[in-house]
Amino acid sequence: MSQDTIRDFDFGVDGMTCGACVARVEKKLKKVEGVQDASVNLTTERAKVSLDTSANDVSALFDSVASAGYGAHTETLEFRVDGMTCGACVSRVEKKLSKLEGVLEATVNLTTERARVAYVPGLVDQPELFESVEKAGYTAVALDDEAAADDDAPSEADRLKKAVTLAAAFTIPLFAIAMLHDVPSIAGAMDRLLPAQAWTVIELLLTLPVQFYAGWRFYTLGWGEMKHLAPGMNSLVMLGSNAAFFYSLVALVVPQIFPSGTAHTYFDAAGMIVTLILLGRYLEAVAKGRTSQAVQGLMKLQSKTARVKRGGEWTEVDLEQVAKGDIVSVRPGERVPVDGTVRSGESYIDESMISGEPVPVAKQADDDVVGGTVNQNGTLEIEATSVGGDTVLSQIIRMVEEAQAEKPAIQAMADKIAGVFVPIVMAVSAATFVGWLILGPSPALALAFVAAVSVLLIACPCAMGLATPTAIMVGTGKGASMGVLFRRGTALEQLAGIDTVVLDKTGTLTEGAPALTELETANGFERADVLAKVAAVEATSEHPVATAIVKAARSEDIALSEASEFQAHTGYGVEATVDGHRVRIGAARYMDSLGIDTSSLADRSDALARAAKTPLFAAIDGQLAALIAVADPARGEARRMVKALHEMDLSVAMLTGDNEATARAIAEELGIDTVVAGVMPDGKSDEIKRLQGENQSVAFVGDGINDAPALTQADVGIAVGSGTDIAIESGDVVLMRADLSGVVNAIALSRRTMRTIRMNFGWAYGYNVLLIPLAAGALFPFTGWLLNPMIAAGAMSISSIFVLTNSLRLKRFEAALEPSRGAQPEAPRAESASNEAPYNEAA
């Protein structure tokens with residue numbers, strides 16, 4: 001052990017509350033190999049550790065803190081990285097960032113050109129992170145600087161378009177001269193007009209602006225890669241085009257130094273290589289812009305200003321100046337600028353951006369509204385409840401961006417491969433040149449040159465780098481437009497591989513509150529009259545069953561009279577006088593105690609009880625009037641969802657705290673395979689763990705209220721949220737409206753996205769496996785055919801464009817299961833009700 005390798009680390013520890021926590025963290029830290037000393041301070045919430053870095057790195061300390069049940073205090077920095085063009089660039093930047101002390105994780109996205117770094121403040125800071133990127137040969141740009149940049153500054157696509165236009169203006173006549181000179185009848189006429197060498201000089205003059213002006217970016221980027229001993233795609237293009245140009249220049253100026261028959265010029269190839277690759281880059285930039293349209297579209301929904309009441313007058317202010325509690329006026333046709341509560345006015349709001357439901361929703365005083373939605377016809381005054389980054393729309397944008405930035409395992413592997421791919425290609429190119437020079441037929445030098453340059457240009461790590469992020473961006477954007485939010489990009493990959501879907505019952509499969517399901521009258525009684533009298537009695541009670549009956553009456557526009565002389569008989573039922581009639585409601589034993597005969601409806605009552613519904617009898621003036629059933633009904637779309645999941649070859653299970661009879665009745669109604677009843681919320685995660693122990697990949701679907709442990713334990717947690725409460729931290733996937741069709745659509749979209757990614761990789765890798773040998777001249781001994789460098793450059797660009805356009809096909813994804821008609825976002829429930837406490841046990 002050397003004193004030079006011992007380092008002192010000082011970092012924050014989150015979650016400690018007492019001396020026992022301190023002792024636990026210290027004990028774990030001291031067990032890490034290489035730790036010389038460790039002390040933890042509860043007051044400052046910091047740990048000081050001396051570590052022999054030759055035995056372990058700083059990440060081992062953070063892992064030990066996590067194993068103790070706490071977290072090392074970390075921060076996340078996101079910034080733009082300019083200059084990346086392929087998967088090798090991504091791998092290089094990630095490698096440089098990850099080597100920094102204090103960096104826990106670094107992920108780089110080629111499509112968004114963003115880096116996201118999780119680090120420990122105090123061990124590393126932003127300047128060090130940016131310096132590391134610079135050392136890798138790229139440019140780091142803070143997002144604040146990016147936002148402050150001139151909006152009129154040309155985009156990368158604009159700059160590439162300008163370069164392509166200039167290059168094409170010189171390359172088209174260059175190509176025409178070279179091609180026409182190969183036609184004998186035309187070549188003779190051209191040589192009579194000017195000597196052959198003069199035409200070659202014209203080719204040189206046409207190539208110069210293409211090579212050294214339009215293609216200058218390949219020099220700056222390629223040289224930066226070579227200088228840092230990290231060659232990438234720009235290095236390949238720089239070497240390939242320069243080899244063609246300078247070989248031609250030497251052959252033009254001093255042809256005598258070449259062996260006989262090898263002093264050919266390839267100015268047309270040099271110009272075409274640069275032009276075709278610039279064209280490919282331009283098309284990539286346009287397509288990459290289209291992959292981010294989902295987030296751009298969401299951002300356009302954000303208002304720039306708001307009309308706020310200040311000092312008794314309405315004033316137009318920038319949205320950033322609106323504070324919580326401000327009263328904001330929204331006129332017809334305007335977007336709601338912030339989340340808020342209606343204080344005055346009535347209108348209809350188009351909430352399709354959060355619910356996907358095209359039917360406008362009526363709003364009046366005390367109703368909630370969401371920023372970004374569109375006011376239809378009336379003027380509303382709303383009190384701002386959430387502003388800035390706390391609004392629903394801001395949360396949605398943040399979730400989509402984070403999901404797009406996260407890197408699935410399949411892409412991490414691809415970037416590692418791309419990191420070593422370019423050096424391998426350069427080695428293959430060199431070996432190809434030497435092999436042709438030694439073994440090739442005459443003119444060996446010319447053939448060796450053509451083959452080596454073609455190998456450099458045909459290789460395409462660009463396609464490898466774009467294969468996953470483009471598909472993830474389009475897939476997550478499509479999901480957001482359908483009301484399915486992927487909080488993590490990895491959730492797409494994991495969800496595609498699940499084989500078991502486990503669903504919570506109350507509030508997820510069911511409506512989460514009792515509802516009147518049956519009202520069967522006895523002879524001589526009218527349904528509407530019975531319901532009116534029963535609801536009038538129940539209106540005086542706050543019991544969930546009573547609430548369900550009153551709600552049913554009001555939904556049928558039945559006017560309720562005032563009940564008097566109300567009495568409750570615990571465990572039996574209730575009674576009151578309504579319009580001069582004595583009305584009694586309760587269980588069968590209540591009717592028996594009153595001497596009322598229920599035999600005419602007894603069989604039906606038993607059947608309802610077996611179906612896990614709560615049967616009640618109603619008597620009016622001592623006569624049996626009706627049989628009433630109340631239950632927590634299954635959602636209208638639940639059966640369709642279960643059927644669709646079965647058609648996707650998935651097993652479906654249900655977890656619930658309800659009793660066995662209730663659970664099995666719901667499961668039988670919906671066609672669910674497996675039922676686990678009587679499980680408390682904290683035991684649901686254990687059941688998920690048990691299934692995972694049986695080699696099942698599990699997705700758990702819950703309402704996000706008391707299902708957090710199970711949502712976290714599952715391979716993928718799907719939170720059935722609502723449009724106004726989408727920030728459910730436990731779920732990997734959030735359904736923005738309480739409609740279970742989203743579960744099917746999320747799985748179908750994830751499978752389609754992963755299929756697209758596999759197609760992209762199949763093309764990218766297959767392309768290189770097949771075409772690199774072809775470029776090296778594998779077919780020459782059999783056919784005498786050798787790939788032209790110009791064709792190689794064009795093929796390389798086509799490979800990337802194929803990957804991008806294939807990913808963009810995800811935009812055409814259609815819902816696998818259409819939502820229920822009229823499904824609307826719901827306000828979050830503070831608690832879930834069920835029929836576990838039947839009315840006849842506590843009236």
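From a predicted model like this one, the values you see are computed outputs, not experimental measurements. (Residues numbered from 1 in each chain as written. Predicted model: local features only at pLDDT ≥ 70, side-chain atom pairs only at ≥ 80, totals over all residues. Heavy atoms only, no water.)

Student: Quick question: what am I supposed to make of the overall build of the protein chain here?
Tutor: For the protein chain, the helix and strand inventory stands at 30 helices and 30 strands. The buried share of the protein chain, reckoned over its 843 residues, is 52%. Per element, the accessible surface of the protein chain, about 36,300 Å² overall, is 54% carbon and sulfur. (Helix = DSSP H or I, 4+ residues; strand = E, 2+ residues; numbered from the N terminus. Buried < 20%, exposed > 50% of the residue type's maximum accessible area, 1.4 Å probe, protein only. Areas by Shrake-Rupley, 256 points an atom, 1.4 Å probe, with all protein chains shown as cover.)

Student: Where do I start with the pairing of strand 24 (residues 614–620) in this structure?
Tutor: For a regular strand, the rule is simple: side chains alternate between the two faces of the sheet. Across the seven residues that make up strand 24, a large majority, seven, are buried. A two-sided burial pattern is seen for strand 24, the buried positions comprising T614, L616, A618 and I620 on one face and P615, F617 and A619 on the other. In terms of strand pairing, strand 23 (residues 581–586) meets strand 24 through four bridges, oriented antiparallel. Bridging from a neighbouring strand, R584 pairs with A619 of strand 24. Here strand 24 runs beside strand 25 (residues 623–631); their pairing, made up of seven bridges, is antiparallel. Counted as the bridge partner of I620 is Q623 from strand 25. Hairpin connection between strand 24 and strand 25: a loop of two residues separates the two successive antiparallel strands, and D621 in this loop has a positive phi of roughly 55°. (Pairing = 2+ DSSP bridges.)

Student: Any chance you could explain a nonpolar patch on the surface here in plain terms?
Tutor: Taken together, the side chains of V434, L437, I438 and L439 make up a nonpolar region of the molecular surface, amounting to roughly 430 Å² of accessible area. Mapped onto the elements of the fold, L439 is located in helix 15 (residues 409–439). (Patch = residues over 30% accessible without salt bridge, like charges linked within 9 Å, V, L, I, M, F, W, Y side chains within 5 Å. Salt bridge = Lys/Arg side-chain N within 4 Å of Asp/Glu carboxyl O.)

Student: For this particular structure, what's the right way to read the sheet that holds strand 2 (residues 35–41)?
Tutor: In sheet architecture, strand pairing relies on hydrogen bonds along the backbone and comes in two forms, parallel and antiparallel. Reading across the sheet, the four strands line up as 2-3-1-4 and stay open at both edges, with antiparallel pairing between neighbours. For this open sheet the edge positions go to strand 2 and strand 4 (71–72), each flanked by a neighbour on one side alone. Of the pairings in the sheet, the one linking strand 1 (residues 6–14) to strand 4 comprises two bridges and is antiparallel in character. Within strand 4, the residue paired with D14 across the bridge is G71. This element, helix 1 (residues 19–30), spans strand 1, strand 2 and strand 3 (46–52) of the sheet and lies at about 165° to strand 2. Each of strand 1, strand 2, strand 3 and strand 4 is contacted by helix 2 (residues 58–67), which is oriented at about 30° to strand 1, the strand it contacts most. (Contact = heavy atoms within 4.5 Å. Axes fitted to C-alpha atoms, helices over the stretch in contact; angles between N-to-C directions.)

Student: Explain the sheet that holds strand 6 (residues 103–109) to me, please; I cannot follow it from the model alone.
Tutor: Sheet architecture is open: four strands sit in the order 6-7-5-8, paired in antiparallel fashion. The sheet is open, and its two edges are formed by strand 6 and strand 8 (139–142), each paired on a single side. Here the strands of the sheet are splayed against their neighbours by 30° on average, with no regard to which way each runs. Relative to strand 7 (residues 114–119), strand 6 is paired through six bridges, and the arrangement is antiparallel.

Student: Hey, could you run me through the nonpolar core in this one?
Tutor: Nonpolar side chains in soluble globular proteins generally cluster together in the buried interior. Counting residues in hydrophobic clusters, the biggest one holds 143 residues, and the most contacted among them are F79, L495, M641 and V733. The dominant element in this core, judged by the number of residues it contributes, is helix 28 (residues 741–776), at 14 residues. With sequence-adjacent residues up to four places away left out, L495 is seen in contact with F486, A699, V716, I718, V733, A746, I747 and S750. Grouped together as the second largest cluster of nonpolar side chains are 28 residues, L516, A536, V545 and A552 included. (Core = buried A, V, L, I, M, F, W, Y, C linked by side-chain atoms within 4.5 Å.)

Student: Explain helix 4 (residues 126–135) to me, please; I cannot follow it from the model alone.
Tutor: Each full turn of the α-helix corresponds to 3.6 residues, which orients residues three or four apart in the same direction. Among the residues of helix 4, those classed as buried are L129, F130, S132 and V133. Relative to the axis of helix 4, the buried residues are bounded by an arc of 155° and lie together on one face. Where helix 4 is buried, its residues meet strand 5 (75–82), helix 3 (87–98), strand 6, strand 7 and strand 8. Remark: G137 follows helix 4 within two positions and exhibits a positive phi of approximately 100°. (Arc of directions from axis to C-beta.)

Student: For this particular structure, what's the right way to read the pattern of salt bridges?
Tutor: Opposite charge on two side chains lets them pair, provided their charged atoms get close. For the structure shown, the criterion picks out 21 salt bridges. Between K684 and D504 there is a salt bridge; the shortest N-O distance is 2.7 Å. Here the residue K684 occupies a position in helix 26 (residues 681–693), and D504 occupies one in strand 19 (residues 500–504), the gap between them amounting to 180 residues. Assigned by exposure class, K684 and D504 land together as buried. Sharing partners across several salt bridges, the network here consists of R307, E316, R331 and E334.

Student: Help me understand the UniProt feature "transmembrane region" (unreviewed entry) in the protein chain in this model?
Tutor: According to UniProt, the feature "transmembrane region" (unreviewed entry) maps to residues 163–181, 196–216, 236–258, 264–283, 417–439, 445–468, 761–780 and 786–804 in the numbering used here. Split by type, residues 163–181 is 95% helix and 0% strand. Its first and last C-alpha atoms lie 27 Å apart. Taken end to end, residues 761–780 comprises 85% helix and 0% strand; its first and last C-alpha atoms sit 28 Å apart. (UniProt positions renumbered as here; feature names shortened; annotations may be inferred.)

Student: What is the right way to look at helix 1 in this model?
Tutor: Here helix 1 contains twelve residues, and its C-alpha end-to-end distance of 17 Å stays within 8% of the 16 Å for a straight helix at 1.5 Å per residue. For helix 1, every residue scored as buried is listed here: C21, V22, V25 and L29. Buried residues in helix 1, looked at end-on, bunch into an arc of 100°, giving them a common side. On its buried side, helix 1 packs onto strand 1, strand 2, strand 3 and helix 2. (Expected span 1.5 Å × (residues − 1).)

Student: Quick question: what am I supposed to make of the packing of helix 3 against helix 4 here?
Tutor: Between two packed helices, both the angle of their axes relative to each other and the distance between the axes serve to describe the pair. The contact between helix 3 and helix 4 brings their axes to 9 Å, and the two run at 140°. Here helix 3 is positioned oblique relative to helix 4, judged by the angle of their axes. For the crossing formed where helix 3 meets helix 4, the hand is right-handed. Mapping the contact onto sequence places V93, K96 and L97 in helix 3 and L129, S132, V133 and K135 in helix 4. A class-by-class count of the residues in the contact of helix 3 with helix 4 yields four nonpolar, one polar and two charged. (Parallel < 35°, antiparallel > 145°, perpendicular 65-115°, else oblique. Left-handed = near helix turned anticlockwise from the far one by under 90°. Nonpolar A, V, L, I, M, F, W, Y, C, P; charged D, E, K, R; others polar.)

Student: I would appreciate a short explanation of the confidence of the model for the protein chain in the present structure.
Tutor: The predicted coordinates should not be examined in detail at positions where pLDDT is low. The pLDDT averaged across the protein chain works out to 81; a share of 88% of its residues lies at or above 70. Element-level mean pLDDT values for the protein chain span from 62 in helix 5 (residues 143–148) up to 93 in strand 23. This model gives residues 822–843 a pLDDT under 50, and the stretch forms 72 contacts once residues within four places in sequence are excluded. (pLDDT = per-residue confidence, 0-100.)

Student: Looking at this model, I keep getting lost on the side chain of S807. Mind explaining?
Tutor: As for its placement among the helices and strands, S807 is situated in helix 30 (residues 789–808). Within polar-contact distance, the side chain of S807 engages the side chain of N760 at 3.0 Å. If near-sequence neighbours (up to four positions away) are discounted, S807 is found in contact with A467, T470, A471, V474, T756 and N760. (Polar contact = N/O pair within 3.5 Å; in protein donor to acceptor, adjacent residues only side chain to side chain.)

Student: How do you make sense of the pairing of strand 2 when you look at a structure like this?
Tutor: Inspection of the sheet shows strand 2 paired to strand 3 by six bridges, in the antiparallel sense. Pairing of N41 across the sheet is with R46, part of strand 3. Counted along the chain from strand 2 to the antiparallel partner strand 3, the turn is four residues long, and its residue E45 has a positive phi close to 55°.

Student: Explain the packing of aromatic side chains here, please?
Tutor: Ring pairs (aromatic) are described by centroid distance and by the angle formed between their planes. As enumerated under the stated definition, the model contains twelve aromatic pairs in all. Three or more aromatic residues joined by ring pairs make a cluster, and in this case those are F212, W216, Y219, F245, F246 and F267. One residue, R589, lies across the ring of Y572, its end atom 5.4 Å from the ring centre. (Phe/Tyr/Trp six-rings, centres within 6.5 Å; stacked < 30°, edge-to-face > 60°. Lys NZ or Arg CZ within 6 Å of the ring centre and 35° of its normal.)

Student: Would you take a moment to explain unusual backbone geometry for this structure?
Tutor: Residues other than glycine predominantly adopt negative phi, and peptide bonds predominantly adopt the trans conformation. Residue P443 is reached from S442 by a cis peptide bond, and omega for that bond is -5°. Looking at the element boundaries, P443 is found in the loop between helix 15 and helix 16 (444–458). Not every positive phi belongs to a glycine, and D557 is a case in point at roughly 60°. Mapped onto the secondary structure, D557 falls in the loop between helix 21 (544–555) and strand 21 (563–569).

Student: What is the right way to look at the environment of K162 in this model?
Tutor: Mapped onto the elements of the fold, K162 is located in helix 6 (residues 156–180). Residue classification places K162 among the exposed positions, given a relative accessible area of 62%. A sequence separation of 120 residues divides K162 from Y282, and the C-alpha atoms of the two residues are 9.5 Å apart.

Student: Looking at this structure, how should I read the environment of T305?
Tutor: As for its placement among the helices and strands, T305 is situated in strand 9 (residues 305–310). Overall, T305 belongs to the partly exposed group, its relative accessible area being 32%. For T305 and Q321, which are 16 residues apart along the polypeptide, the C-alpha to C-alpha distance reads 8.8 Å. Excluding anything up to four places from it in sequence, T305 contacts E316, V317, D318, L319 and P337. At a separation of 2.8 Å, a polar atom in the side chain of T305 contacts the side chain of E316.

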